[in-house]
Amino acid sequence: MHLPTCPFHPQVHIIGHIPPGICAKTWSWNYYRIVNRYESTISAQFFGHTHLDEFEIFYDEETLTRPLSVAFIAPSITTYVNLNPGYRVYLIDGEYPASSHMVLDHETYILNLTQANAKVTEEPSWTLLYSAVKTYGMKSAYPSDWDNLIHRFLQDERLFQTFWYLYHKGHVEEVCKESCKSTLLCTLRSARSDDTQLCKDLKFAQNSDWKPKRYC
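The notes below deal with the structure included here. Keep in mind that what you see is a predicted model, and the values were worked out from it rather than measured.

## A short note on the state of the cysteines
Using the criterion set out here, one finds two disulfides in the structure. The residue that forms a disulfide with Cys176 is Cys180, at a sulfur-sulfur distance of 2.0 Å. Disulfide Cys176-Cys180: the torsion about the S-S bond is -110 degrees, which places it as left-handed. Cys176 gets classed as buried once you look at its relative accessible area, which sits at 0%. For the protein chain, the bonded cysteines connect in the pattern 1-2, 3-4 when numbered consecutively along the sequence.

Right under this line is the structure:
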């Protein structure tokens, strides 16, 4: 008796809570190694925990230059602290033979609390905040596109400030400049915690006293 063989390479999605870039160094580096080893199998990674709208990129371990995977970090329904509730909808490469099951785009929806509190007699209304591919002018949502987006953030201040606004689910008062900007971009690259090699070209990140807010 022969067991049937699968004609296609299996694909998996990893769903977790705490993003690998902010985990303990040993665990984070071991996980990074696993993602490298199984890059052709892992189609997407989904995390939360931070309450913010962000992502972390994985690069090949040999050169740390080739983006090979993205950990998508979705915003939270909770308001903690001083944020709008939000949730994320992913568009995945569909259910058909040889589908990649990779993320093609994602949309974030929010409940604007300022507007909701001004109309307490009406039902709360969830609205589309943005679509990643459309808002950021990306060709697709593959790892190379997210890596390219970080490079564009470095050159395009308006685009980065758009990200800063969406990062906080449409409610932010402070402006992110210099050390704040470079350190935040460093966190987007750093799916492997405490790895200074990933941010060596960001001149402010190494000595910055600014730290990303962690609402957790």
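## Comments concerning the packing of helix H4 (residues 143-155) against helix H5 (residues 157-167)
The interhelical angle for the contact between H4 and H5, taken along N-to-C directions, is 115 degrees, at an axis separation of 6 Å. Here H4 and H5 pass one another in a crossing that is left-handed. Side by side, H4 and H5 meet where Leu149, Arg152, Phe153 and Gln155 of the first sit next to Glu157, Leu159, Phe160 and Phe163 of the second. Each residue belonging to the contact of H4 with H5 can be placed in one class, and the counts come to five nonpolar, one polar and two charged.

## Brief notes about the packing of aromatic side chains
Under the counting rule described, the total for this entry stands at 20 aromatic pairs. Summarising the aromatic geometry, the rings of Phe160 and Phe163 are spaced 6.3 Å apart at their centres and angled 40 degrees between planes, so their arrangement reads as tilted. On the criterion of helical spacing, the pair formed by Phe160 and Phe163 is a turn pair, its members being three residues apart in helix H5. Residue classification places Phe160 among the buried residues on the basis of a relative accessible area of 0%. Under the relative-accessibility criterion, Phe163 is labelled buried at 2%. Linked through ring pairs, Phe46, Phe55, Phe72, Tyr90, Tyr130, Tyr136, Trp146, Phe153, Phe160, Phe163, Trp164 and Tyr167 together constitute an aromatic cluster.

## Description of the sheet that holds strand E7 (residues 126-131)
Sheet strands pair by backbone hydrogen bonding; their relative direction is either parallel or antiparallel. Ordered by their spatial adjacency, three strands build an open sheet running E5-E6-E7, and the pairing between neighbours is antiparallel. On the outer flanks of this sheet lie strand E5 (86-92) and E7, each paired with one strand and no other. With direction set aside, neighbouring strand axes in the sheet form an average angle of 30 degrees. Looking at chain direction, E5 and strand E6 (residues 103-111) are connected through seven bridges and run antiparallel. Of the residues in E6, the one forming a bridge with Leu91 is Asp105.

## What to know about the environment of Leu113
Inspection of the secondary structure puts Leu113 in helix H2 (residues 113-118). The sequence separation of Leu113 and His171 amounts to 58 residues, and the corresponding C-alpha distance is 9.4 Å. Apart from residues no more than four positions distant in its own chain, Leu113 is found in contact with Thr79, Leu83, Asn84 and Pro85.

## Examining the pairing of strand E2 (residues 42-47)
In terms of burial, E2 is largely enclosed, as six of its six residues are buried. For strand E1 (residues 12-15) and E2, the ladder comprises four bridges, and the chain directions are parallel. By the bridge assignment, Ile15 is partnered in E2 with Phe46. Handedness of the crossover joining E1 and E2 through helix H1 (residues 25-37) is recorded here as right-handed. Bridging between E2 and strand E4 (residues 67-73) involves three bridges; their strand directions are parallel.

The rules behind each value
Residues numbered from 1 in each chain as written. Predicted model: local features only at pLDDT ≥ 70, side-chain atom pairs only at ≥ 80, totals over all residues. Heavy atoms only, no water. Disulfide = S-S within 2.5 Å. Buried < 20%, exposed > 50% of the residue type's maximum accessible area, 1.4 Å probe, protein only. Axes fitted to C-alpha atoms, helices over the stretch in contact; angles between N-to-C directions. Helix = DSSP H or I, 4+ residues; strand = E, 2+ residues; numbered from the N terminus. Left-handed = near helix turned anticlockwise from the far one by under 90°. Contact = heavy atoms within 4.5 Å. Nonpolar A, V, L, I, M, F, W, Y, C, P; charged D, E, K, R; others polar. Phe/Tyr/Trp six-rings, centres within 6.5 Å; stacked < 30°, edge-to-face > 60°. Pairing = 2+ DSSP bridges. Right-handed = clockwise from strand over helix to strand, strands pointing away.

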